[in-house]
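As a plain string of letters, each chain reads:
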Amino acid sequence: LSIAIICVLGIVIYSNTPRSPFQFDDEFYISGNSSIRNLSNLKAIWDFWPTRFITDLTFAVNYHFGGLDTLGYHIFNILIHIFSAIAAWSLTRLTLSTPVMKGSKISEYSNIIALFAGAIFISHPMQTQGITLLMERTVSLGALLYILSISLYAASRLSDNRVRSISLYTASVITTIIAMFTRESSITIPIAIILYEICFLKGSKALRWRYLLPFLIIMPLVPTVISLKPIPFIKKLTDSISLYDYIYTQICTRATYLRMLVLPISQRI
C-alpha cells in the first residue's frame with residue numbers, strides 16, 4: 001500500500017511535465033550532444049564526460065528509441081524519482097529495524113514513518129528542478145543509486161542468511177561504483193556508509209572495517225579518472241569563471257538549497 005501511494009503521488013505531481021521542452025543546459029547535454037546519437041559508440045559517450053558516463057548512457061538510450069522527443073526523457077526522469085522515493089521508504093524501514101533503533105519507541109511506528117519519508121521525498125517542491133529539467137537526471141539518478149547503495153548495505157548487515165548477505169553486500173559495492181560514474185558527488189557514499197555503520201549498526205571494530213574497507217578502496221576511482229582524462233566542459237567552465245567566483249556561487253547555492261528544504265518557496269524555475 002505504501003509503495004502504491006508513493007507511485008500515485010509521483011505520477012499525479014509530475015503528470016503535467018512530460019511534454020515540457022528542452023530548457024537551459026538541456027541543449028548542451030542532450031539536443032546538441034552528438035555523443036549520444038549512437039548508442040553503440042560507447043567510447044564517444046565516455047569521452048564526453050567520463051565521470052557521468054552512466055547518465056549520458058541513459059540519454060543515449062532515450063535518443064535511440066525516441067530521438068529528440070522529450071516525452072521519453074521525462075517519463076524516464078519521473079520513473080527514476082519514483083524509484084528513489086521507494087528506496088527512501090525502504091531505507092527508513094531498514095534503519096528503524098537496526099540494532100540501535102529496534103528497541104526504541106519510534107520503531108513501533110516504522111511503517112507509517114517510512115511512508116511519510118517516502119511521501120515527503122517524492123512530493124517536496126525542491127525536487128522539481130531535478131525531475132523536470134532533463135539534464136538534471138544526473139542528480140536524480142545519482143540520488144537513486146546513492147540511497148540504493150546504503151539500503152543494500154544496511155539490508156546486507158541486517159540479514160541472518162549468509163548467502164543473501166553476501167549478495168546484497170556485493171550489489172551495494174557495484175551500485176556504489178555505478179553511482180560514482182553517474183554523478184561525482186557519489187564519491188561520498190563510502191563516507192555515508194561509514195557514518196551509517198557507526199550510528200545504527202553494532203559490531204566489533206574488526207568486523208566493521210572488514211565491511212567498510214572495499215568501499216574505501218573504490219573511493220579514489222573518480223579522482224583517478226579525472227586526473228587521467230580531464231573533462232573538456234570543466235576546463236571550459238574554469239576558463240570562463242574564476243575559482244573564487246565559482247566557489248562563492250556554490251556556497252550561496254547550497255545555502256539556498258538548505259533553506260528550501262525547510263521553506264520551499266520562491267522557486268524561480
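Summary of the structure given here. (Residues numbered from 1 in each chain as written. Predicted model: local features only at pLDDT ≥ 70, side-chain atom pairs only at ≥ 80, totals over all residues. Heavy atoms only, no water.)

As for its position among the elements, Thr55 is in helix α4 (residues 53–66). You can call Thr55 buried: its relative accessible area is 1%. Separated by 36 residues in the primary sequence, Thr55 and Arg19 have C-alpha atoms spaced 21 Å apart. If sequence neighbours within four positions are ignored, Thr55 has contacts with Arg137, Thr138, Leu141, Phe181 and Thr182. (Helix = DSSP H or I, 4+ residues; strand = E, 2+ residues; numbered from the N terminus. Buried < 20%, exposed > 50% of the residue type's maximum accessible area, 1.4 Å probe, protein only. Contact = heavy atoms within 4.5 Å.)

Looking now at helix α7 (residues 110–123). Over its 14 residues, α7 extends 20 Å from the first C-alpha to the last, a length consistent with the 20 Å expected when each residue adds 1.5 Å. Considered for burial, the residues of α7 that qualify are Ser110, Ala114, Leu115, Gly118, Ala119 and Ile122. Relative to the axis of α7, the buried residues are bounded by an arc of 165° and lie together on one face. For α7, the secondary structure elements touched by its buried residues are α1 (2–13) and α5 (70–95). (Expected span 1.5 Å × (residues − 1). Arc of directions from axis to C-beta.)

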